[in-house]
2 protein chains.
Amino acid sequence: MNTYDTVMKLALERGFYFPSCEIYGDAHAGFWEYGPTGTNMKNKFIELWRRELLRRDDMIEIDGSQIMSKSVFIASGHLDNFTDPVIKCKNCGATFRADKYIAEKSGKEIPELLSGNEIDKIVEEYNLRCPTCKGTFLESSRFNMMFKVEIGPSKEEAYLRPETCQSIFVDFPRIFKTMRGRLPLAVAQVGKSFRNEIAPRQSLLRLREFYQAEIEVFCNPNRLNDLSKFEQVKDTSLKLFIKNSYHTICAEDAVREGYLPNKLVAYYLSLLTLFYSKTGIIMERTRFRQLSDEEKAFYASTAFDFEVETSVGWLELVACNYRSDYDLKKHSMISKQNLNVIDPSDNAKVLPHLFELSMGIDRSIYSILEHSYYEDIEAKRVVLRLVPPIAPILIGVLPLVTKDGLREKAQDIYSKLKLDYSTFYDESGSIGRRYRRLEEIGAPFALTIDNQTMKDDTVTIRYRDTMLQERVKVSEVSNFLDEIVELK
Amino acid sequence: MNTYDTVMKLALERGFYFPSCEIYGDAHAGFWEYGPTGTNMKNKFIELWRRELLRRDDMIEIDGSQIMSKSVFIASGHLDNFTDPVIKCKNCGATFRADKYIAEKSGKEIPELLSGNEIDKIVEEYNLRCPTCKGTFLESSRFNMMFKVEIGPSKEEAYLRPETCQSIFVDFPRIFKTMRGRLPLAVAQVGKSFRNEIAPRQSLLRLREFYQAEIEVFCNPNRLNDLSKFEQVKDTSLKLFIKNSYHTICAEDAVREGYLPNKLVAYYLSLLTLFYSKTGIIMERTRFRQLSDEEKAFYASTAFDFEVETSVGWLELVACNYRSDYDLKKHSMISKQNLNVIDPSDNAKVLPHLFELSMGIDRSIYSILEHSYYEDIEAKRVVLRLVPPIAPILIGVLPLVTKDGLREKAQDIYSKLKLDYSTFYDESGSIGRRYRRLEEIGAPFALTIDNQTMKDDTVTIRYRDTMLQERVKVSEVSNFLDEIVELK
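Quick notes on the rules
- Residues numbered from 1 in each chain as written.
- Chains lettered and ligands numbered in written order.
- Predicted model: local features only at pLDDT ≥ 70, side-chain atom pairs only at ≥ 80, totals over all residues.
- Heavy atoms only, no water.
- Helix = DSSP H or I, 4+ residues; strand = E, 2+ residues; numbered from the N terminus.
- Buried < 20%, exposed > 50% of the residue type's maximum accessible area, 1.4 Å probe, protein only.
- Contact = heavy atoms within 4.5 Å.
- Areas by Shrake-Rupley, 256 points an atom, 1.4 Å probe, with all protein chains shown as cover.
- Lys, Arg positive; Asp, Glu negative; His and termini not counted.
- Charge placed at Lys NZ, Arg CZ, Asp CG, Glu CD.
- Pairing = 2+ DSSP bridges.
- Axes fitted to C-alpha atoms, helices over the stretch in contact; angles between N-to-C directions.
- Salt bridge = Lys/Arg side-chain N within 4 Å of Asp/Glu carboxyl O.
- Polar contact = N/O pair within 3.5 Å; in protein donor to acceptor, adjacent residues only side chain to side chain.
- Domains from an automatic or database assignment.
- Buried area = accessible area lost by both parts, 1.4 Å probe.
- Least-squares fit on C-alpha atoms with pLDDT ≥ 70 in both.
- Left-handed = near helix turned anticlockwise from the far one by under 90°.
- Nonpolar A, V, L, I, M, F, W, Y, C, P; charged D, E, K, R; others polar.

1. Focus on the overall build of chain A
Per the secondary structure count, chain A includes 15 helices and 26 strands. On the principal axes, the C-alpha backbone points of chain A span a range of 80 × 65 × 55 Å. With 488 residues in all, chain A has 59% of them scored as buried. Summarising the internal contacts of chain A: among those between residues at least 6 apart in sequence, 65% fall at separations of at least 24. Total accessible area on chain A is roughly 20,000 Å²; 47% of this is exposed by carbon and sulfur atoms. For chain A, the distance from the average position of its 67 positive side-chain charges to the average position of its 72 negative side-chain charges is 2 Å.

Quick look at the structure:
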């Protein structure tokens, strides 16, 4: 079994994630649920994101509606351009994403932005047919990937947002004013986004409904190197992948040598590196890949993808784009609102530019699971080596046996820990089996209550990875966990 | 200005909440955003819910898709029955919710479940006309309040969930199996739900997109009094409002005297009471109102609404329903899956019954704001008396002046606190004005760095409500906050 399938099996069996509506025949591809362990892990990942990016950098967070009005997507360009080319069978109506299908059948690499004419020409040239019924294809068309909804009895047109950042742009004037904003101002949002993918696949990796955590840094384009906080991160080692070569270089040198355009960009790539290094992702298997001119949006002067190497290839976890004034200019134009602000540093009116860190949470969760998965052949066990801050269960509480008052003692300890830490009580099966279950969901510690506990109020703490145990006083367990987790 | 408007003004000006897409003319009613302070407060409310209900009661949490397949809502009955009666003007097409409109114009109290014929009769009898153009109305119809979406190029029909609990029901078989479930098993979910209201109103009080936090307790109907943990809450004082009279009574007596049907129901109403008493809701202004037979769903044998008194009347914050086996029976029937489980307590196969606590988060947030709002006439200040665990900002860090190294000292203290606590740094304006700003967003504490700080490393902590100050060592601030907040 390859690693992707192994992780999937574990995810299904241990409550990390599983298909949505799975008891029904009309369940749709591209929709998945986080089970109990997955929900805990995903929530903790978000809390770590809040701590290491938002609070560390004094960002502010908003939480906007997922359904947004049509004008927003006229301005953003999604209504016109957020489309995939599709070809539909004349005979049976089956529909395929044109570029993928052509690439697969013709063996040709097909650029995403091919025109309809060009697609039709290739379909004809290769005499492509429907794989189901061998029918010929209708002329190709474009399929918009936004989900439309109708509001109220008058059926006004609105859309589920395809990215969370649009609320940040639209809400900017009020936020800047009420929060007494100053540039650069970073505004973040975490929540669901929706894309009507033609061919969703690979569970959490290409979903139709997915979690994004986006950060938009509103900045003055004339002051991108005027950033005193850059000092704090200037020594951070960044692994840049530019035009097929790797440069592992500290943030300060990356700016000096022109790999990165300015301190602001280098600062946020550094923060992102520090964040991921605390999630359990193996940093040696990550890189910032600079997008080629063909790949990046026309308005993006700088575009790096933070990528991680997995068994299914390099995955994009975070798109880091310098979006210039594209977004605010378009929203200003369509809404007819003046979105300029005053930057007191140079007392100039400025339409802020944007640098964004657009993070996919579901893919991050998958990547962490894969990087943490470890088959300990010698000890015949499977271990998820999750770091304490994002482990779904931090500590298991296990009475060695249930008699002689050990159950009651264990339950007492459990009830004192469970409000403040993700704690799991387990008394069923042999102690070895109970360790295995905890290891498989990545619990870093297990507390065992044994006969000695009854005598001197000490318990053993067992470390998941080393399997070593140490004895501590019951009254010291909280302190032990606080120090390990470093998270209040 | 009435209290509702006062709170609204504060919410708009201080970043609690504001209308979605407000820079656009086609913004739709019923969609609101949480601003920076509101997002913090809402997130902390959810964390408190997790602590005081989920972790305290060993519940498990899932996070499912918001878009669900059609079969789910065939089974749940929403596709057929989740409708409001509407009347549409023959002339201009304006549409109104029939029962509300008739009630308003005729002065008659109109039951929600009036048939179409009955509505048409009343419209004719009272000669009701369109308020806009005076046109007559077409025959009344039913408007389904679910938002439909189309999946993929083949446009398969699916719906945005109108309540979060449906994923809990549908996911039950996998959850019960993989989590080694035992009845009673409480499964929770927090997230967005969507209802295409005909007339959304009053900001957070009737939204088209809103946050729910739902708990579904799967239980064996034959063992509803077999609940040893009931002992822990039996003395909780519950305020029941049954057939127009109040009974303030402890949980144990409420069961004994037949006000509540069993220990399981009494246990969860007690937990809910304990939870809300920690949110800052004034508990004297709450009640559990028993629904009348006309109000409650036909399958609900017990139905209480947890209500809170506000300036706009009694608001339902939590629907507490004993739903019997209605949900699993329907899902079992439509999916053709056997959803029975074994209860080892009596070794019987059982289709679990459900008791639910269905909480509206947005209304809870509004109610807490209103109950916390306080105009301190004497001190000429507005204070939000939010409790520490849900205050958007826990502590402000304020250098008395920016010179003599006070700014640097304050920033140093700030940077040490901000990762673990919601901290706000403010150096602009007089110290009095800065206190006012913190009070208005409910920050319980302000830390002032003054000249003495430079000498002996102490700061003053100012209490928001009493305005008293005490001097503490900088190194003691974390401990002080930990003890106050009681939340790790």
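2. Looking at the environment of Lys-278 of chain B
All names here are of chain B. By secondary structure assignment, the location of Lys-278 is in the loop between α9 (263-277) and β14 (286-290). Classification of Lys-278 as partly exposed rests on a relative accessible area of 35%. As for Lys-278 and Glu-52, which are separated by 226 residues in sequence, their C-alpha atoms are 8.8 Å apart. Residues in contact with Lys-278, not counting those within four places in the same chain, are Leu-48, Glu-52, Arg-56 and Val-387.

3. What to know about the sheet that holds strand β5 (residues 83-88) of chain A
Residues and elements named next belong to chain A. Spatially, β6-β5-β7 is the arrangement adopted by the three strands of the open sheet, whose pairing is antiparallel. Only two strands of the sheet have a single partner each, and these edge strands are β6 (95-97) and β7 (141-144). Strand-to-strand twist across the sheet, computed as the mean angle between neighbouring axes with direction ignored, equals 45°. Both β5 and β7 contribute to a ladder of four bridges, which runs antiparallel. Note that in β7 the partner of Thr-83 across the bridge is Asn-144. This element, helix α5 (residues 98-106), spans β5 and β6 of the sheet and lies at about 80° to β6.

4. A word on the interface of chain A and chain B
Between chain A and chain B, the contact holds 87 residues from the first and 88 residues from the second. Linking chain A to chain B there are 10 salt bridges. For Arg-180 of chain B, the salt bridge goes to Asp-426 of chain A, with nearest N and O atoms at 3.2 Å. Inspection of the chain A/chain B interface yields 52 residue pairs in polar contact (both at pLDDT 80 or more).

5. Comments concerning the domain arrangement of chain A
All names here are of chain A. Splitting chain A by domain gives domain 1 (3-78 + 147-371), domain 2 (83-144) and domain 3 (393-487). For domain 1 and domain 3, the distance between their C-alpha centroids amounts to 38 Å. Across the boundary between the two partners, domain 1 contributes eight residues, which contact six residues of domain 3. Approximately 640 Å² of surface area, both sides summed, lies buried where domain 1 meets domain 3, with 54% of it carried by carbon and sulfur atoms.

6. A look at the environment of Phe-137 of chain A
Residue and element names in this part refer to chain A. With respect to the helices and strands, the residue Phe-137 is situated in the loop between α6 (116-125) and β7. For the pair formed by Phe-137 and Lys-88, sequence separation is 49 residues and the distance between their alpha carbons is 5.5 Å. Ignoring sequence-local partners within four residues, the contact set of Phe-137 consists of Ile-87, Lys-88, Cys-89, Lys-90, Phe-96, Tyr-101, Val-123, Leu-128, Arg-129 and Cys-130.

7. Considering the pairing of strand β11 (residues 209-219) of chain A
Residue and element names in this part refer to chain A. Extensive coverage of β11 is indicated by the burial of 11 of its 11 residues. The two faces of β11 match: Glu-209, Tyr-211, Ala-213, Ile-215, Val-217 and Cys-219 on one face and Phe-210, Gln-212, Glu-214, Glu-216 and Phe-218 on the other face are all buried. Both strand β10 (residues 185-194) and β11 contribute to a ladder of 10 bridges, which runs antiparallel. The residue of β11 that forms the bridge with Ser-193 is Phe-210. Here β11 runs beside strand β19 (residues 353-360); their pairing, made up of eight bridges, is antiparallel. Note that in β19 the partner of Ala-213 across the bridge is Met-359.

8. Quick look at the relation of the copies chain A and chain B
Expressed as a screw transformation, the operator carrying chain A onto chain B has a rotation angle of 180° and an axial translation of 0.0 Å, and the superposed copies differ by an RMSD of 0.1 Å. Read as a symmetry element, the transformation amounts to a two-fold axis. Counting the interface residues of chain A, we find that 100% of their copies in chain B are interface residues as well, pointing to one common contact surface.

9. Brief notes about the packing of helix α7 (residues 165-178) of chain A against helix α10 (residues 326-335) of chain A
Residue and element names in this part refer to chain A. Relative orientation of the contacting elements α7 and α10 amounts to 60°, with a least axis distance of 10 Å. Crossing of α7 over α10 shows right-handed handedness. Of α10, the residues touching α7 (which contributes Gln-166, Phe-169, Val-170 and Phe-172) are Asp-327, Leu-328 and His-331. Split by residue class, the contact of α7 with α10 holds four nonpolar, two polar and one charged.

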